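Results of the structural survey
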Amino acid sequence: MIAQMASFATVDGIGKMNTQFESLNSSMTSNQALQASSLVGRDVLVPGAAGIKPADAGMAAMVKLPQSMDNVLVRVENEMGQLVRTFDVGAQPGGDARVEWDGNDDQGNPMPAGKYKVKASGLLEGESREFEVSTYANVNSVLLGKGDGNVLLNLAGFESPVRLAEVLEVGKA
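Residues numbered from 1 in each chain as written. Predicted model: local features only at pLDDT ≥ 70, side-chain atom pairs only at ≥ 80, totals over all residues. Heavy atoms only, no water.

**Observations concerning the overall build of the protein**
Along the protein, the regular secondary structure elements total one helix and eleven strands. The N-to-C order of helical and strand elements in the protein reads α-β-β-β-β-β-β-β-β-β-β-β. Here the protein holds 173 residues, and the buried ones make up 32% of them. Long-range pairs, those at least 24 residues apart, make up 65% of the contacts in the protein between residues at least 6 apart in sequence. Total accessible area computed for the protein in this model is approximately 10,600 Å², and 52% of it derives from carbon and sulfur atoms. (Helix = DSSP H or I, 4+ residues; strand = E, 2+ residues; numbered from the N terminus. Buried < 20%, exposed > 50% of the residue type's maximum accessible area, 1.4 Å probe, protein only. Contact = heavy atoms within 4.5 Å. Areas by Shrake-Rupley, 256 points an atom, 1.4 Å probe, with all protein chains shown as cover.)

**Details of the environment of glutamine 67**
Looking at the secondary structure, you find glutamine 67 in the loop between strand 3 (59-65) and strand 4 (72-77). Counting along the chain gives 26 residues from glutamine 67 to proline 93, while the straight-line C-alpha distance between them is 6.6 Å. Glutamine 67 has contacts with Gln92, Pro93, Gly94 and Leu124, leaving out every residue within four places of it along the chain.

**Quick word on the layout of surface pockets**
Considering only enclosed or pocket space, the largest pocket measures out at about 160 Å³ in volume. In terms of lining, the largest pocket is formed by eleven residues, of which the most central are Asp43, Ile52, Pro54, Tyr136 and Asn138. With three residues, the single largest contributor to the lining of the largest pocket is strand 8 (residues 127-144). Split by residue class, the lining of the largest pocket holds eight nonpolar, two polar and one charged. (1 Å grid on protein atoms, 1.4 Å probe; cavity = no way out; pocket = protein on both sides within 12 Å on 5 of 7 lines; lining within 4 Å. Points joined across faces, edges and corners; volume = space filled by probe spheres on them. Nonpolar A, V, L, I, M, F, W, Y, C, P; charged D, E, K, R; others polar.)

**A few points about the confidence of the model for the protein**
Of all residues in the protein, 90% attain a pLDDT of 70 or more, and the chain-wide mean is 84. The least confident element of the protein, judged by mean pLDDT, is helix 1 (residues 2-36) at 74; the most confident is strand 5 (residues 83-88) at 94. (pLDDT = per-residue confidence, 0-100.)

**Things to note about the pairing of strand 9 (residues 151-155)**
Of all five residues in strand 9, four are buried, a share of seventy percent or more. With five bridges connecting them, strand 8 and strand 9 associate as antiparallel partners. Note that in strand 9 the partner of leucine 144 across the bridge is valine 151. In textbook terms, the turn of a hairpin is the stretch between consecutive antiparallel strands, and for strand 9 and strand 10 (residues 162-163) this stretch comprises six residues, one of which, glycine 157, has a positive phi near 85°. (Pairing = 2+ DSSP bridges.)

**Structural notes on a nonpolar patch on the surface**
There is a patch of nonpolar side chains on the surface, built from Ile14, Met17 and Phe21 and spanning about 310 Å² of accessible area. Tracing the chain through its elements places isoleucine 14 in helix 1. (Patch = residues over 30% accessible without salt bridge, like charges linked within 9 Å, V, L, I, M, F, W, Y side chains within 5 Å. Salt bridge = Lys/Arg side-chain N within 4 Å of Asp/Glu carboxyl O.)

**Quick look at the pairing of strand 1 (residues 43-47)**
Each regular strand shows side chains that alternate between the opposite faces of the sheet. Within strand 1, four of the five residues are buried, leaving the element largely enclosed by the surrounding structure. Pairing of strand 1 with strand 8, which is carried by five bridges, proceeds in the antiparallel orientation. Across the sheet, the residue bridging to aspartate 43 is asparagine 138, located in strand 8. As defined by bridge partners, strand 1 adjoins strand 11 (residues 169-171) across three bridges and the pair is classed as antiparallel. Within the sheet, the bridge partner assigned to valine 44 lies in strand 11 and is valine 170.

Here is the structure:
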């Protein structure tokens, strides 16, 4: 009987501990959302080659290079996938290399505001290779994921929210 009472007390304690963990998790999620709200209006770097070019400005992106490269070629495509600009950023060290597009096409004409895709490639061991690209986006709002505790960011020009955990850098593009 004493062993059964001890078992009941243990089960009750585990139940209370579960309730406390749920409360702590909810509190941490709320705190994370509150902290993320300070990102509204700021630019964040997120994985993906698609980004938004504002009116009368260019666009910045980050290219992840596996090693130092002699010449990195950047291509910018519009929303329909048409090539609008190609430029060489020259030799770059390995790691993250920031590239900036001035917002003009190959003839120097300013491109309209909208969604553009940045692609980067180069010769690696004699073969042309595409590299991973991340782009900057402006944070419009913050929301909590439904039931999963994730904090999500609504980014300008993005169709679906991005998880806060996916943000690589915070700052101005």
